[in-house]
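Descriptive structure summary
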Amino acid sequence: HRMIGSFRDSIAAYASSEVLPSKEAYAEEAQRIKAAGFHAYKMHPPTVWQQDIEICRHVRAAVGDGYRLMLDSTWSYNYTEALRVGRALEELDFYWYEDPLDADDITNYVKLRQKLHIPILATEYSPGGVQSKPRANINSQGVLQSTTSSTDMSISGQGFFVVNSQATPLTSGGGEFAYTRAGSF
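Quick word on helix H2 (residues 49-63)
When the terminal C-alpha atoms of H2 are compared, their 21 Å separation across 15 residues agrees well with the 21 Å that a helix rising 1.5 Å per residue should span. Restricting attention to buried positions, one finds in H2 the residues Trp-49, Asp-52, Ile-53, Ile-55, Cys-56, Val-59, Arg-60 and Val-63. End-on, the buried residues of H2 take up no more than an arc of 160°, which puts them together on one face. Where H2 is buried, its residues meet helix H1 (23-35), strand E2 (40-43), strand E3 (68-72) and helix H3 (79-91). Gly-64 sits one or two positions beyond H2 and adopts a positive phi of about 90°.

A word on the pairing of E2
The alternating pattern of E2 places Ala-40 and Lys-42 on one face and Tyr-41 and Met-43 on the opposite face, and all of these are buried. Sheet analysis places strand E1 (residues 14-16) next to E2, joined by 3 bridges and oriented parallel. Bridging across to E2, Tyr-14 finds its partner in Ala-40. Handedness of the crossover is the feature at issue here: the chain leaves E1, passes through H1, returns alongside E2, and the resulting connection is right-handed. By the bridge criterion, 4 bridges tie E2 to E3 in an arrangement that is parallel. Counterpart to Ala-40 in the pairing with E3 is Arg-68. Following the chain from E2 across H2 to the adjacent parallel E3, one finds a crossover that is right-handed.

Describing the nonpolar core
With 34 residues, the main nonpolar core has Tyr-41, Met-43, Leu-71, Phe-94, Tyr-97 and Leu-112 as its most contacted residues. The set of elements that each furnish at least two residues to this core consists of H1, E2, H2, E3, H3 and helix H4 (106-115). Each residue touching Leu-71, except ones within four places of it in the same chain, is listed here: Met-43, Pro-45, Cys-56, Tyr-77, Val-85, Leu-89, Phe-94, Trp-96, Tyr-97 and Glu-98.

Quick word on the pairing of E3
Counting buried positions along E3 gives 4 out of 5 residues, so the element sits mostly inside the fold. Where E3 and strand E4 (residues 96-98) come together, 3 bridges link them in parallel fashion. Residue Met-70 lies in a different strand from E4, and its bridge partner there is Trp-96. Handedness of the E3-H3-E4 crossover: right-handed.

So, the packing of H1 against H2
Packing of H1 against H2 leaves a shortest axis separation of 9 Å and a crossing angle of 35°. Here H1 and H2 pass one another in a crossing that is right-handed. Along the contact surface, H1 presents Lys-23, Glu-24, Tyr-26, Ala-27, Ala-30, Gln-31 and Lys-34, while H2 presents Glu-54, Ile-55, His-58, Val-59, Ala-62 and Val-63. Here the residues of the contact of H1 with H2 are counted per class, giving 7 nonpolar, 2 polar and 4 charged.

Conventions we followed
- Residues numbered from 1 in each chain as written.
- Predicted model: local features only at pLDDT ≥ 70, side-chain atom pairs only at ≥ 80, totals over all residues.
- Heavy atoms only, no water.
- Helix = DSSP H or I, 4+ residues; strand = E, 2+ residues; numbered from the N terminus.
- Expected span 1.5 Å × (residues − 1).
- Buried < 20%, exposed > 50% of the residue type's maximum accessible area, 1.4 Å probe, protein only.
- Arc of directions from axis to C-beta.
- Contact = heavy atoms within 4.5 Å.
- Pairing = 2+ DSSP bridges.
- Right-handed = clockwise from strand over helix to strand, strands pointing away.
- Core = buried A, V, L, I, M, F, W, Y, C linked by side-chain atoms within 4.5 Å.
- Axes fitted to C-alpha atoms, helices over the stretch in contact; angles between N-to-C directions.
- Left-handed = near helix turned anticlockwise from the far one by under 90°.
- Nonpolar A, V, L, I, M, F, W, Y, C, P; charged D, E, K, R; others polar.

Below, the structure written as structure tokens:
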């Protein structure tokens, strides 16, 4: 790997939860994950927006302000709920907000991106969905998304990326490229 120009011999990893029975269970798991040396923790909440916010608050309090947290809400909210959760995540300094809306809801993803500063990841599953939606006249800059279920993996100096194998600039005129995951832990 050094012969091709790499400068790392390891990459940071995050751990991801299952849906757990209580906010205490999430907090306990996050503390164990942090103690085990993982650089971040991604939660899969029960997908009831009020309860999800409470879980996020509880976990943040348990692990402290300096630890990276992410939320994957698995396409569970409508726009208003997604905005409320997103604002709470920003207050709690979450690293990213994943799949808050249905995969095909491009219009509301764009609206959500205009209202929030947290990185939004959407969506890892889009067979026949997102990629088939016209993007003309839609400013989707800042919405990270997959445009097909076929992806390639690469590692860069800034972290781990999964890049769409047919990445093409979006048609919003900004020259953005579509991808589904990004992170430097």
